[in-house]
Amino acid sequence: MTIPRQVGPGPETGPRTVLPDYSRSSATVERMVAALGPRPGRTESAGGARRGRVRALFPAAAVRDTLLRAVVAALCLGVALLAAAGLLVLWLGVAPGHSPGIGRLLVMLVLGALTLLLGLLGARFSLAALGTARARVEITEGDLLVVGPLRARRVPWREVVAVESRVVHPVHWLTAALRLRDGTRVVMPAFDRHIWTWSRPSGQDVRALRTELHRRERAGRGPR
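Report on the accompanying structure. What you see is a predicted model; the values in this text were computed from it and never measured. (Residues numbered from 1 in each chain as written. Predicted model: local features only at pLDDT ≥ 70, side-chain atom pairs only at ≥ 80, totals over all residues. Heavy atoms only, no water.)

### So, the environment of valine 186
1) Next: Looking at where valine 186 falls in the secondary structure, it is placed in strand E9 (residues 185–188).
2) Next: With 10 residues separating them in the primary sequence, valine 186 and alanine 176 have C-alpha atoms 8.7 Å apart.
3) Next: Those residues within four positions of valine 186 in sequence are excluded, and the remaining contacts are Val146, Arg153, Val155, Ala176, Ala177, Leu178 and Leu180. (Helix = DSSP H or I, 4+ residues; strand = E, 2+ residues; numbered from the N terminus. Contact = heavy atoms within 4.5 Å.)

Here you go:
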C-alpha cells in the first residue's frame, strides 16, 4: 500500500507531514523512521549528535581465544619460573672462590636462555589474552574507537588512508591495523590471528571497514 504523506490540516501551517511517500518497492521501516527526523520538543545531546549510531566489532571467538592464550601464558611463565629456580640452585651450588665447571656452565646458560625466552613468551601471551578480552573497534559517523589491552585510541575517519589486514607486530603477531596519513599505524587487537589461520583471507569485518573507507573517500571527492 501507499502511505499518505499528509493527514488533515495542521493548526498553523496547513496539512501536517506524517511520513514520506515511498513506493511499495523501496519502502522500509528503517528508511521511513529515519526520514521523520527528531520529533518537536525533543533534543539530542551534543555527544549523541556528534557520534550518532555506534557499531562495535569484536574478536570472532573472544572467550575461546582468551582462555587459550591465558593457558599458554601460564604454562610459559610456570616453566620459566622452574628454569629460573634451577639456575639459582646451580649458581648457589658453586663452591665459594671457584668457577663452575664447563658442564655446569653450559647447563646454566641453557637454563638462563630458556628462562628469558619463556618469560618473554609468557608476557606476550598474557598481553594477548588481556587484549582479546578487552579488544573491540567501535565505528561511529565521525571516528573509530580502537580498544587494546592497555589503552583505547579514538581515530577520526579523515586520518585513515588504508585498512591493512596482514600487519606483523611483536605482541599481536599477525593482525590488522589502520594506516594513518602521517605514516603511523593503529593496531586493532580485535583482529589478531592464530598461527594456523595466517594463510586464510581477511575476515568480513576487515572487508567491511575497507568498504566504508572507500565509500567515504568517494563521498569526499564528490561527483566530477
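Having seen the model, we can carry on.
### Quick word on unusual backbone geometry
If a residue is not glycine, its phi is most likely negative; likewise, a peptide bond is most likely trans.
1) Next: Positive phi, normally seen in glycine, also occurs at tryptophan 173, with a value near 60°.
2) Next: Inspection of the secondary structure puts tryptophan 173 in strand E8 (residues 173–180).

### Observations regarding a nonpolar patch on the surface
1) Next: Taken together, the side chains of Leu68, Ile195, Trp196 and Trp198 present a nonpolar region at the surface, about 420 Å² in accessible area.
2) Next: Residue position: isoleucine 195 is located in the loop between E9 and helix H5 (204–221). (Patch = residues over 30% accessible without salt bridge, like charges linked within 9 Å, V, L, I, M, F, W, Y side chains within 5 Å. Areas by Shrake-Rupley, 256 points an atom, 1.4 Å probe, with all protein chains shown as cover. Salt bridge = Lys/Arg side-chain N within 4 Å of Asp/Glu carboxyl O.)

### As for the nonpolar core
1) Next: Val137, Leu178, Met188, Phe191 and Leu209 are the most contacted members of the largest nonpolar core, which has 20 residues in total.
2) Next: Looking at this core, the elements with two or more residues in it are strand E4 (136–139), strand E5 (143–147), strand E7 (160–169), E8, E9 and H5.
3) Next: Beyond its immediate stretch of four places on either side in the chain, methionine 188 contacts Val137, Val146, Val163, Thr175, Ala176, Ala177, Leu178 and Leu209. (Core = buried A, V, L, I, M, F, W, Y, C linked by side-chain atoms within 4.5 Å. Buried < 20%, exposed > 50% of the residue type's maximum accessible area, 1.4 Å probe, protein only.)

Honestly, that's just the spatial picture; any functional story needs more than this.
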